[in-house]
Amino acid sequence: MASLVRSFGDRSLRSLVDLDRGLVSREIYVNEDLYKMELEQVFTRAWLFIGHEAQVPNPGDFVVSRMGEEEVILVRDRKNQLHVFLNTCRHRGMKVCRYDDGNTLVFTCPFHGWSYDTDGRLVGVPYFDAAYKGDMDKSEWGLPEVAQMCNFYGSIWATWDKGAPSFESYLGPYSDTVRRAFQSSDGEDNGVELFNPVYKWRIPCNWKFPGFSFDGDRAHAAMTHRSINVAAIGPQGDAGGGSRAPIRAPFPYTDYEMTVPELGHGGHNAIYEQPGLAEYRDTWFTEPGVDDYYRAMREKKREKYRGQYIVGETALIWPNVNIQPHRILIWHPHSVGVTESWRAYPIDRMAPQHVKDAQRRYMMRYGGPCGLTESDDMENWNYASAASFGTVAKRYPYNFMMGAGHAFVDEQRAPGMTLNYEVAEENQRSRLRRWLEFMEAGSWEDIYPVNPVSPSAGEATKSKSKVES
Amino acid sequence: MLTENEQGVLERLLLREEIEQFYYHEAALLDDRKFDDWINLIADDIHYHMPIRRNVKFGEQARENTSSLNEISWFDEGKRTLAGRVRQINTGIHWCEEPFSRIRHLITNVRVVGVDGDEIRANSNFFVWQNRLQDEVNLFVGAREDILRRDEETGWKIAKRLILLDQNVLLAKVITTFF
């Protein structure tokens, strides 16, 4: 197969992505060379979601995570500092950790016995004095650590690129959305923990099928999910026609696709006609007592946000994580035709047990590989991907025309965002535009904007966010 | 004339035979896609639980399988949700089972491990083959730990089922069958 990839900085990729017309070559979803290039150009540069500090509450606690195709370890060292390390011994490459999570004093490689402290330092090498005779400086052979890590209100993010902008700049106008997603339901920052463990499963499709679709493909729902209401999996059970979603009582609103084209982030979000938060409406008819908790929490949050317009409840943060209240969806590239999907569920840390149980059971029956809603997504991504590899199939571009040319801005009500009708492919076109920029760029300096000023990065954010690097 | 000992052996054999036949019948209902008949074998108070299997350090096996009390599992539900799954498959527009996969349940290693009034505890292993469309294949191997309750209509009802799937990262895109 002739390589499509000639050199970094090559503009020939532009022939594959025509965003003005909304036409995108299937090559970018099926081509092995482009996939390998993505691992370098996208996944070693972008800020990626790692996990949550509550997964590792005590010194020595660790949990494995993933960046692109590669396994990393999120660990809290003995001085209470968090680190993200590549899970590979510097000697011969063996995984130094083969457990999903746990607590340890050191990571000892089972191959030759090199051992690393929880802060990454190489502290033990068999035959060090007798065989190396002082020729090796252990301080140069610690575990590979990410270039930057950010603890953003409890959520942990990292990048392998020291030239990447700060995480808040990377989020831009969507930083408040991510911040709120890690609040408890009364609006307190860093108010959640994650249910353990994280779902992990393989989907036979390119990672961009779920990654670029989620929070950007409302058109799929009516057809893909036609069968779900009969199962009545929502908290309200059979009431309301068996909807899978909770009953809400929002203010009058209009839904839009809402994206930040220069950053690649985007979500389906509402612009409300009035400020503040709507009253809570009971929905947990199948689980007694749960509404009482959420109603009381909502009242506190309404007080907090009184007079403020809330814009942006969910977002796909470029390139591969969707942040929503109560769920975090991550699509790791596994091979050109396989995605390893991860799913984490935040829950109010202080919620009583019956609320945690109700929310946990709802999430388990809703999503993931055994959830009733998303199983049909998996079938569609699977066979859309499979039917795109063919020699003839690749002559036909994907159609991303929906709403192209009809985007608009509303700087007053949705600053920094580009809007389109609620069923559009604006968010997906944004992701593809950002994809092209990352794939063409020689370094972060080429990826506009290098360091945009976030209109939402207020003083509170700066003082409460602990940024470690 | 059987000795008391032989009588005991015979009773155990007959009970195991009855349980094996019940499991083969259950498997046939699933493989023949008679899901309404299968859900009729499920007790109203069933706990149907398939934990996630963790990779844990030696000595920490107690937390190898996720807990139904406060952790995430592949399945952790009662009859209401199971019945919802059956209704969804029976719509004909549940795309990940439309058209139907070819699924075969092989049930082995059946052991009756306890009898308590009209309830028995039985363990078994399963090998489930799924072939979908042309060449999609998913294999599910594991063990089940059941509580079965005597029932006038169906012989037995499944009152509790713990399913230990021998996988960590789930290698199938979805699980659409029952175990």
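Residues numbered from 1 in each chain as written. Chains lettered and ligands numbered in written order. Predicted model: local features only at pLDDT ≥ 70, side-chain atom pairs only at ≥ 80, totals over all residues. Heavy atoms only, no water.

Caption draft 1: The arrangement of the side chain of Glu440 of chain A in detail. All names here are of chain A. With respect to the element layout, Glu440 can be found in helix α11 (residues 426-440). Using a relative accessible area of 7% as the deciding quantity, one classes Glu440 as buried. At 2.8 Å, the side chain of Glu440 forms a polar contact with the side chain of Arg14. (Helix = DSSP H or I, 4+ residues; strand = E, 2+ residues; numbered from the N terminus. Buried < 20%, exposed > 50% of the residue type's maximum accessible area, 1.4 Å probe, protein only. Polar contact = N/O pair within 3.5 Å; in protein donor to acceptor, adjacent residues only side chain to side chain.)

Caption draft 2: A look at the nonpolar core. In this structure, Trp157 and Ile317 of chain A are the most contacted members of the largest nonpolar core, which totals 151 residues. Ranked by the residues each element gives to this core, the list is headed by helix α1 (residues 4-31) of chain B, at seven residues. Residues from two domains meet in this core; each of domain 1 (48-140) and domain 2 (173-468) of chain A gives at least three. Core analysis: the second largest hydrophobic core is formed by 17 residues, Cys109, Tyr116, Leu122 and Met136 of chain A among them. (Core = buried A, V, L, I, M, F, W, Y, C linked by side-chain atoms within 4.5 Å. Domains from an automatic or database assignment.)

Caption draft 3: Region of the structure containing the interface of chain B and chain A. Each partner contributes residues to the interface: chain B has 40 residues there, and chain A has 45 residues. A buried area of about 3700 Å², summed over both sides, lies between chain B and chain A, and 53% of it is on carbon and sulfur atoms. Per-residue buried area on chain B facing chain A is highest for Ile72, Trp95 and Lys173 of chain B; these three make up 21% of the total on that side. At the junction of chain B and chain A, the tally comes to six salt bridges. (Contact = heavy atoms within 4.5 Å. Buried area = accessible area lost by both parts, 1.4 Å probe. Salt bridge = Lys/Arg side-chain N within 4 Å of Asp/Glu carboxyl O.)

Caption draft 4: Representation of the state of the cysteines in the model. Counting across every chain of the model gives zero disulfides over all chains. Free of any disulfide, Cys370 of chain A has its nearest cysteine sulfur in Cys96 of chain B, 11 Å distant. In this structure Cys370 of chain A comes out as buried when scored by relative accessible area, which is 1%. A residue is classified by how much of its surface remains accessible, and Cys96 of chain B, at 1% relative accessible area, is buried. (Disulfide = S-S within 2.5 Å.)

Caption draft 5: Representation of the domain arrangement of chain A in the model. Residue and element names in this part refer to chain A. Along its sequence, chain A is carved into domain 1 (48-140) and domain 2 (173-468). Inter-centroid distance (C-alpha atoms) of domain 1 to domain 2 is 33 Å. The junction of domain 1 with domain 2 conceals about 1400 Å² of combined surface from both sides, 57% of it contributed by carbon and sulfur atoms. Looking at the side of domain 1 facing domain 2, the largest losses of area belong to Phe49, His52 and Arg66, adding up to 47% of the total buried there. Counting across the domain 1 and domain 2 interface gives one salt bridge. Here Arg66 and Glu340 are joined by a salt bridge, their closest N and O atoms 3.3 Å apart. Where domain 1 packs against domain 2, one counts four residue pairs in polar contact (both at pLDDT 80 or more). When residues of the side of domain 1 that touches domain 2 are traced back to their parent elements, those giving at least two are β3 (48-52) and β4 (61-67). The residue makeup of the side of domain 1 that touches domain 2, split by class, is five nonpolar, five polar and three charged. (Nonpolar A, V, L, I, M, F, W, Y, C, P; charged D, E, K, R; others polar.)

Caption draft 6: Here's a closer look at helix α8 (residues 290-304) of chain A. Residues and elements named next belong to chain A. Taking 1.5 Å of rise per residue, the 15 residues of α8 would be expected to cover 21 Å, and the 22 Å separating its terminal C-alpha atoms lies within 8% of that figure. Regarding α8, the residues found buried are Val290, Asp291, Tyr293, Tyr294, Met297, Lys301 and Arg302. Summarising the axial view, the buried residues of α8 lie within an arc of 165 degrees, below the 170-degree limit, and thus occupy one face. Set apart from the buried face of α8 by more than 90 degrees, the exposed residues are Lys300 and Glu303. Tucked inside the fold, the buried residues of α8 contact β21 (346-348) and α9 (353-366). (Expected span 1.5 Å × (residues − 1). Arc of directions from axis to C-beta.)

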